[in-house]
Amino acid sequence: MNFCKTTIVLICFLVLSLQGMAQLIPPGLGETNAASWFAFGVQQDLDDKKKWSSTTYVGIARVSDPDNYNLLQKHSIFILNQEFKNKFAKNWEYSLALSYRNQRNYEDSAPYDLDDPSIKQEFRLYGRLSRIFKTSFLEITPTFRQEVQKYFTSDFGAYPENMRLRSRFRVKLKAPLTKDKKHSISLYSEQLFSTSLSSEGDKDWSRFEYKDSRFSLYYTLSPEHINWDFNIGYMNNLIGKRNASSSHYLGVDVIWKNPFNR
C-alpha cells in the first residue's frame, strides 16, 4: 500500500514537473532497489559563436530500503557540479568539470540505519570528449569520460576508499519526435571501468576492471517560447558481472538556458 501511494505521488510530481523541468542523468548510488533523482541546472553560452558554454547544476537523490521499492524513502546524495564545454570543431566537443558530492551510507541489514562512516564526501574532477554524428532523423554521440575521485569522511578524515580512477564509455542516440524538434527521445548506454586506492591495509591500487553498466531512456520537451528544457527518464543500473544486481531510477531535471542573455 505504501508503495502504491508513493508511486501515485511520484507520478503526480513528474507530471507537474513538465511545467518547468529538464535532463541530467542520475548518478549511480550503489546496490539499491529503486531511487529517485531531481536536478536543476543553468546553462549559459559564453561567446557569440556558441563554442564555449557553462553548465552548473545541483541535484538530490533518494533511495529505497533493500526490502522495498519506495523511491522517496531515504535521502542519499547531494551534488553540486560545474562544467565548461568547448565545441572546438563542427562535430567535436570536450568538457572539463569539477563536482562535489555528499552521500549517506546505510547498513545492509534491518533496520537499515546509517552505517559507519555515515557520510562519504567526494571531490571529482573529470574530462569528457565527444564526437557527434548526425543524420536527418538521428543524432549519435559516442563519449569517453575520465574521472579522478577523492573521498573523505564527514569531518574530512580518511575514507576507507581513498581515491578512484574511472573511465566511462557512453553512446547516446537522440531522435526528434516532431518536425519542430520540441519533443525528442534519447537512449543511453554507458559502461564503467575503474581502479581504487585503499586507505587501509597495503594501500595498493586495485585491478582496473569493469564495474557496472547504465541504460537510460529519456523524453525531452524543449518549448520555443521559453528557455527551458524539460526531461523525464528512467535508468537501469547493472552492477557487477555474474549475478549482477539491478537498480531502477526515475529522474526529473530542469535546465534554464541562457538566463543572462538580453
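Fair warning: this is a prediction, and the values are worked out from it, not measured in the lab.

### Points about unusual backbone geometry
That bond from Ala 110 to Pro 111 is cis: its omega, 10°, falls within 30 degrees of zero. One can find Pro 111 in the loop between β4 (92-106) and β5 (114-131). Its identity as a non-glycine residue notwithstanding, Asn 258 has a phi of 50°, on the positive side. Within the element layout of this structure, Asn 258 appears in the segment after β12 (245-257).

### Overview of the side chain of Glu 93
Inspection of the secondary structure puts Glu 93 in strand β4. On the accessibility criterion, Glu 93 (16% relative accessible area) is buried.

### Details of the environment of Asn 162
With respect to the helices and strands, Asn 162 occurs in strand β8 (residues 158-176). Residue class for Asn 162 comes out buried when judged on its relative accessible area of 18%. The spatial distance from the C-alpha of Asn 162 to the C-alpha of Phe 152 is 7.5 Å, given a sequence separation of 10 residues. Of note is the side chain of Asn 162, whose polar atom sits 2.2 Å from the side chain of Lys 150.

### Quick look at the packing of aromatic side chains
As enumerated under the stated definition, the model contains 15 aromatic pairs in all. Taking 6.2 Å as the distance between ring centres and 85° as the angle between the ring planes, the aromatic pair formed by Trp 52 and Tyr 94 counts as edge-to-face. Note that Trp 52 is positioned in strand β2 (residues 52-63) and Tyr 94 in strand β4, a separation of 42 residues in sequence. On the accessibility criterion, Tyr 94 (28% relative accessible area) is partly exposed.

### As for the pattern of salt bridges
Applying the stated criterion to the full structure yields 15 salt bridges. Where Lys 257 meets Asp 229, a salt bridge forms, and the shortest distance between an N and an O atom there is 3.2 Å. Taken as a pair, Lys 257 in strand β12 and Asp 229 in strand β11 (residues 228-239) lie far apart in primary sequence, 28 residues in all. For Lys 257, a relative accessible area of 21% translates into the label partly exposed. Each of Glu 122, Arg 124, Arg 145, Glu 147, Arg 166, Arg 168 and Glu 190 takes part in one network of salt bridges that share partners.

Reading the values: the criteria
- Residues numbered from 1 in each chain as written.
- Predicted model: local features only at pLDDT ≥ 70, side-chain atom pairs only at ≥ 80, totals over all residues.
- Heavy atoms only, no water.
- Helix = DSSP H or I, 4+ residues; strand = E, 2+ residues; numbered from the N terminus.
- Buried < 20%, exposed > 50% of the residue type's maximum accessible area, 1.4 Å probe, protein only.
- Polar contact = N/O pair within 3.5 Å; in protein donor to acceptor, adjacent residues only side chain to side chain.
- Phe/Tyr/Trp six-rings, centres within 6.5 Å; stacked < 30°, edge-to-face > 60°.
- Salt bridge = Lys/Arg side-chain N within 4 Å of Asp/Glu carboxyl O.

Note that every value here comes from positions in space, so none of it alone points to a role or purpose.
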